[in-house]
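Secondary and tertiary structure notes
Here is how the chains run, residue by residue.
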Amino acid sequence: MLNMERSKELFTMAREIIPGGVNSPVRAFKAVGMDPLFIKKAKGSRVCDVDDNSFIDYVCSWGPLIMGHAHPQVVAAICRAAELGTSYGAPCKGEVELAQMICEAIPSIEKVRMVSSGTEATMSAIRLARAYTGRNAIIKFAGCYHGHADSFLIKAGSGLLTAGVPNSPGVPAALAQQTRVANYNDIDSVARIFDQSSDVAAVIVEPVAGNMGLVLPEPGFLKALREITEQYGALLIFDEVISGFRFCYGGYQNITGITPDLTTLGKIIGGGLPVGAYGGKQEIMDLIAPEGNVYQAGTLSGNPLAMAAGIASLKLLQTDNFYHELEATAANLTNGLKKILADHHLKYSLNHIGSVFCLFFTSEQVADYISVLSCDTVKYADFFRSLLKEGIYFPPSQFELCFVSSAHQTEDIQNTLLAVDKVLDKIS
Ligand SMILES: *Cc1c(COP(=O)(O)O)cnc(C)c1O
């Protein structure tokens, strides 16, 4: 049994003064039927809680930590920056440096604006798209998550899908009507919306859907989105907050060769500090204040510590073979998982790309929101709790990704596979 004494104490105190005891919903572990662990420290592939339990971590802060926790070079860069002041509210060199790195890595980004979260990036990107096109509606996909701005909390993934409440109260109906929902990997569902409306400003999509578990784009889907948005004069926004710098040094768009009008980034580009960014064609980006009149600002935007962490991270990602080695580690794990499933005669779906994967407790091929909903979330919760007891920390929801980092060692992978084998024996 896990000793959770101190975590429980903290959670009891937290619930008195923080809604649900957490500052982001999925962290509360509600979907897996237990109280959350309070983390004391983390290093490399491991997190350690306040009761001194240590876990191999596959959440990795939900995506940013592609090099694992507390990478020495990232930590050193943050410390050096902090010595020079934590925030200026005035331009600093790091902002120019990180912007240059992003524009060089992702050719569709001619100009970029730094913000402090992925939510800010996507929220600002659709404001910009609306201003540029003079139209009001946006198209998003069921099960995709683009942060918590009002326009996106319609059939949303991540915590909303986990809670079973995909539309948030508090979003004015008049605004919600401006969000049209299409089905991922179903271009006809997009065409139907364009057929009925000439008011679509933009289509926003996760080019690899990572907030309803993992759903890969089917061949031709993203290209068809590019074509149809061009045909109707709407913008195509790739939300690469997860996929940016996850699969190559650049966006997933670099791999597909598809050029969106706007791209949103976050997570990895902040090296574990609060960062987001949005960028794209110069002609569109120049509408943003103070160049243009589309307002968007931030007290901590381009924060020097965050810029330093981002720059240090991206430099490390430029190391020869970084992605190759990371993906080899992840493949060891996913191949091992497939073998275990086969040995146990279990027909669960495993979706995998690069260094991310999701084990779905369903026998269906998972390719969209509908198939995601066929998962046995009770069984997943059982699987999660059992793994935790073995020292393996998977996401506390069926609908989130497992992230492998470059800090995960062969031994971590072997220990994980042994634990999964033991656990599946018991629960299935
Ligand atoms: C995490 C995420 C966001 C929101 O980013 P925050 O930094 O949590 O606001 C937006 N889009 C996608 C695809 C994400 O995964």
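Parameters at a glance
Residues numbered from 1 in each chain as written. Predicted model: local features only at pLDDT ≥ 70, side-chain atom pairs only at ≥ 80, totals over all residues. Heavy atoms only, no water. Near = heavy atom within 4 Å. Polar contact = N/O pair within 3.5 Å; in protein donor to acceptor, adjacent residues only side chain to side chain. Areas by Shrake-Rupley, 256 points an atom, 1.4 Å probe, with all protein chains shown as cover. Nonpolar A, V, L, I, M, F, W, Y, C, P; charged D, E, K, R; others polar. Helix = DSSP H or I, 4+ residues; strand = E, 2+ residues; numbered from the N terminus. Contact = heavy atoms within 4.5 Å. Pairing = 2+ DSSP bridges. Axes fitted to C-alpha atoms, helices over the stretch in contact; angles between N-to-C directions. Parallel < 35°, antiparallel > 145°, perpendicular 65-115°, else oblique. Left-handed = near helix turned anticlockwise from the far one by under 90°. Expected span 1.5 Å × (residues − 1). Buried < 20%, exposed > 50% of the residue type's maximum accessible area, 1.4 Å probe, protein only. Domains from an automatic or database assignment. Buried area = accessible area lost by both parts, 1.4 Å probe. Salt bridge = Lys/Arg side-chain N within 4 Å of Asp/Glu carboxyl O.

**Regarding the site of the ligand**
- Residues in close proximity to the ligand include S117, G118, T119, Y145, H146, G147, E206, N211, D239, V241, I242 and K267, which together make up its full environment.
- A distance of 2.9 Å is found between an oxygen atom of the ligand and a backbone nitrogen or oxygen belonging to G118.
- Within the side chain of K267, a nitrogen or oxygen atom sits 2.7 Å from an oxygen atom of the ligand.
- When the ligand is considered free in solution it has 380 Å² of accessible area, and contact with the protein chains removes 83% of it.
- Grouping the amino acids of the shell around the ligand by side-chain chemistry returns three nonpolar, six polar and three charged.

**Considering the side chain of S189**
- For S189, the location among the structural elements is in helix α7 (residues 187–196).
- Here D186 takes part through its backbone oxygen, which lies 2.6 Å from a polar atom of the side chain of S189.
- Ignoring anything within four residues of it in the chain, the contact list for S189 reads A182 and N183.

**Structural notes on the sheet that holds strand β2 (residues 46–49)**
- Within the open sheet, the four strands sit side by side as β1-β2-β3-β13. Their pairing is mixed. Of all strands in the sheet, those with a lone pairing partner are β1 (39–43) and β13 (392–393), marking the two edges.
- In terms of strand pairing, β2 meets strand β3 (residues 54–57) through three bridges, oriented antiparallel. Bridge assignment links R46 to a residue of β3, and that residue is I56.

**Focus: the packing of helix α14 (residues 377–389) against helix α15 (residues 410–427)**
- At a minimum axis separation of 10 Å, α14 and α15 run at an interaxial angle of 135°. With respect to each other, α14 and α15 are oriented oblique. Note on packing geometry: the crossing formed by α14 with α15 is right-handed. Residues K379, D382, F383, S386 and L387 of α14 lie in contact with α15, whose contacting residues are A419, V420, V423, L424 and I427.
- For the contact of α14 with α15, a count of residues per class yields seven nonpolar, one polar and two charged.

**Concerning helix α4 (residues 118–133)**
- Between its first and last C-alpha, α4 extends 23 Å over 16 residues, near the 22 Å set by a 1.5 Å rise per residue.
- Those residues of α4 lying buried are G118, T119, A121, T122, S124, A125, I126, L128, A129 and R130.
- Once α4 ends, the next one or two residues include G134, with phi positive near 70°.

**Quick notes on the domain arrangement of the protein chain**
- What the domain assignment reports for the protein chain is domain 1 (5–70 + 320–427) and domain 2 (72–317).
- Placing a centre on the C-alpha atoms of domain 1 and another on those of domain 2 gives a separation of 25 Å.
- The interface of domain 1 with domain 2 comprises 35 residues on the first partner and 37 residues on the second.
- For the pairing of domain 1 and domain 2, the buried interface totals around 2800 Å² over both sides, and the portion due to carbon and sulfur atoms is 67%.
- Applying the counting rule to domain 1 against domain 2 returns zero salt bridges.
- Elements with a minimum of two residues in the side of domain 1 that touches domain 2: α12 (322–343), β11 (349–353), β12 (356–360) and α13 (369–372).
- By residue number, the principal contributor to the side of domain 1 that touches domain 2 is β12, which donates four residues.
- Broken down by class, the residue content of the side of domain 1 that touches domain 2 amounts to 24 nonpolar, seven polar and four charged.

**What about the sheet that holds strand β9 (residues 262–266)?**
- Within the open sheet, the seven strands sit side by side as β4-β10-β9-β8-β7-β5-β6. Their pairing is mixed. The open sheet is flanked by β4 (111–115) and β6 (179–182), the only strands paired with a single partner. Going across the sheet, the axis of each strand differs from the next one's by a mean of 20°, ignoring polarity.
- Along the sheet, helix α3 (residues 93–105) makes contact with β4 and β9, crossing β4 at roughly 130°.

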